[in-house]
Amino acid sequence: MTGYCRKGRPVFAIGVGVNGFERVPTHKYIQTHIQINEYRDQVLLPNSSRKVGHFVGTCLKILDMSNLRLSTLSRIKVLTMISTIDDLNYPEKTDTYYIVNTPYIFQACWKVVKPLLHDRTKRKIRVLPGSGKEELLKIMDEDTLPHFCRTDSKHKDRPTETCFSPSHPFHMELWSYIKEQSCMSKCMAPSLQKSFHITVSQPREEIQTIEEQIQSSVAHFGDEGCSEGSSLSFSRLTMADNKDDDD
């Protein structure tokens, strides 16, 4: 989490293109996702509501697609499980998904996936040009922008630590909260090397269809021998940005 928008909604940064799907077991990703969701609902949203003087029940998410690769899309099952958990347990908790720094591979898959989404879901997704800085500054202060949305030279002298670092203040606060809750429950504090396992329900039909379409697209790119850095014909693909005035 990088801060709050001007309406008090927490802003979360998600590094889709810099994930470690190949290095970390799926259940660890699921565990972390649930912990952050619970912390958001039990701590961040109530605190923000008190601070701004009105109810705040949703958040904003900024998805960074920098360095997105075919290998990431091949692990789409992880994202499907996370989507299913949110759909069943945390419905309508995200106002808008802002997608930035999109490479050709995302553009190609988005063209396939977008028609499959419900209108309600499509209204929540905004694909922004470049880093999205100009649009995002309309709803949040510059200090709230994730590092990958800052493209000017003004912030080059800032520390190299990013919002994805384990030592980022948000992650430290989250970990302290988890340990505190563990002690209150008279349980052993969680270990960084341990995690719990959960059973994820089958995704709804829409999500299954999207997963199949993405997997098909990835297989198609592979069959044509498309390299990771190739632009080929994909460089000419364009996206119809959502022009809704969601903020």
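Up top is the structure.
Attention here is on the structure that accompanies the text.

Calculation criteria
Residues numbered from 1 in each chain as written. Predicted model: local features only at pLDDT ≥ 70, side-chain atom pairs only at ≥ 80, totals over all residues. Heavy atoms only, no water. Helix = DSSP H or I, 4+ residues; strand = E, 2+ residues; numbered from the N terminus. Buried < 20%, exposed > 50% of the residue type's maximum accessible area, 1.4 Å probe, protein only. Contact = heavy atoms within 4.5 Å. Areas by Shrake-Rupley, 256 points an atom, 1.4 Å probe, with all protein chains shown as cover. Salt bridge = Lys/Arg side-chain N within 4 Å of Asp/Glu carboxyl O. Phe/Tyr/Trp six-rings, centres within 6.5 Å; stacked < 30°, edge-to-face > 60°. Expected span 1.5 Å × (residues − 1). Bend = angle between axes of the 7 residues up to and from the residue.

### Overview of the overall build of the chain
Okay, step 1: Across its full length, the chain holds eight helices and five strands.
Okay, step 2: Ordering the α and β elements of the chain from the N terminus gives β-β-α-β-α-α-β-α-α-β-α-α-α.
Okay, step 3: Expressed as a percentage of its 247 residues, the buried residues of the chain come to 45%.
Okay, step 4: For the chain, restricting intrachain contacts to residue pairs at least 6 apart in sequence, the fraction spanning at least 24 positions comes to 78%.
Okay, step 5: In the form shown here, the chain has an accessible surface area of approximately 13900 Å², with 53% of it arising from carbon and sulfur atoms.

### Quick look at the pattern of salt bridges
Okay, step 1: This model, assessed by the stated rule, comprises ten salt bridges.
Okay, step 2: The residue Asp141 makes a salt bridge to Arg6 at a minimum N-O spacing of 3.2 Å. Placement of Asp141 in the loop between helix 6 (133–136) and helix 7 (169–184) and of Arg6 in the loop between strand 1 (3–4) and strand 2 (10–15) is noted, with a sequence separation of 135 residues between them.
Okay, step 3: Close ionic contact of Arg9 with Asp95 constitutes a salt bridge, the shortest N to O distance being 2.6 Å. Of the two residues, Arg9 is situated in the loop between strand 1 and strand 2 and Asp95 in strand 4 (residues 94–100); the sequence distance between them amounts to 86 residues.
Okay, step 4: Beyond isolated ion pairs, a larger network of salt bridges with shared partners links Arg40, Asp41 and Lys93.

### Focus: the packing of aromatic side chains
Okay, step 1: Evaluation of the coordinates by the stated rule reveals five aromatic pairs.
Okay, step 2: Taking 6.0 Å as the distance between ring centres and 55° as the angle between the ring planes, the aromatic pair formed by Tyr39 and Phe170 counts as tilted. Taken together, the residues Tyr39 in helix 1 (residues 26–52) and Phe170 in helix 7 connect sequence positions 131 residues apart. Per residue, the accessibility class of Tyr39 equals that of Phe170, and both read buried.
Okay, step 3: The interplanar angle of 15° and the centroid separation of 5.9 Å between the aromatic rings of Phe148 and Phe164 together place this pair among those described as stacked. Here Phe148 is found in the loop between helix 6 and helix 7, whereas its partner Phe164 is found in the loop between helix 6 and helix 7, with 16 residues between them in sequence.
Okay, step 4: Judged by relative accessible area, which is 9%, Phe148 ranks as buried.

### What to know about helix 1
Okay, step 1: An ideal rise of 1.5 Å per residue puts 39 Å on 27 residues; helix 1 measures up with 37 Å between its terminal C-alpha atoms.
Okay, step 2: Residue Arg40 marks the point of greatest curvature in helix 1, where the axis turns by about 40°.
Okay, step 3: Positive backbone phi, approximately 85°, marks Gly53, located one or two places after helix 1.

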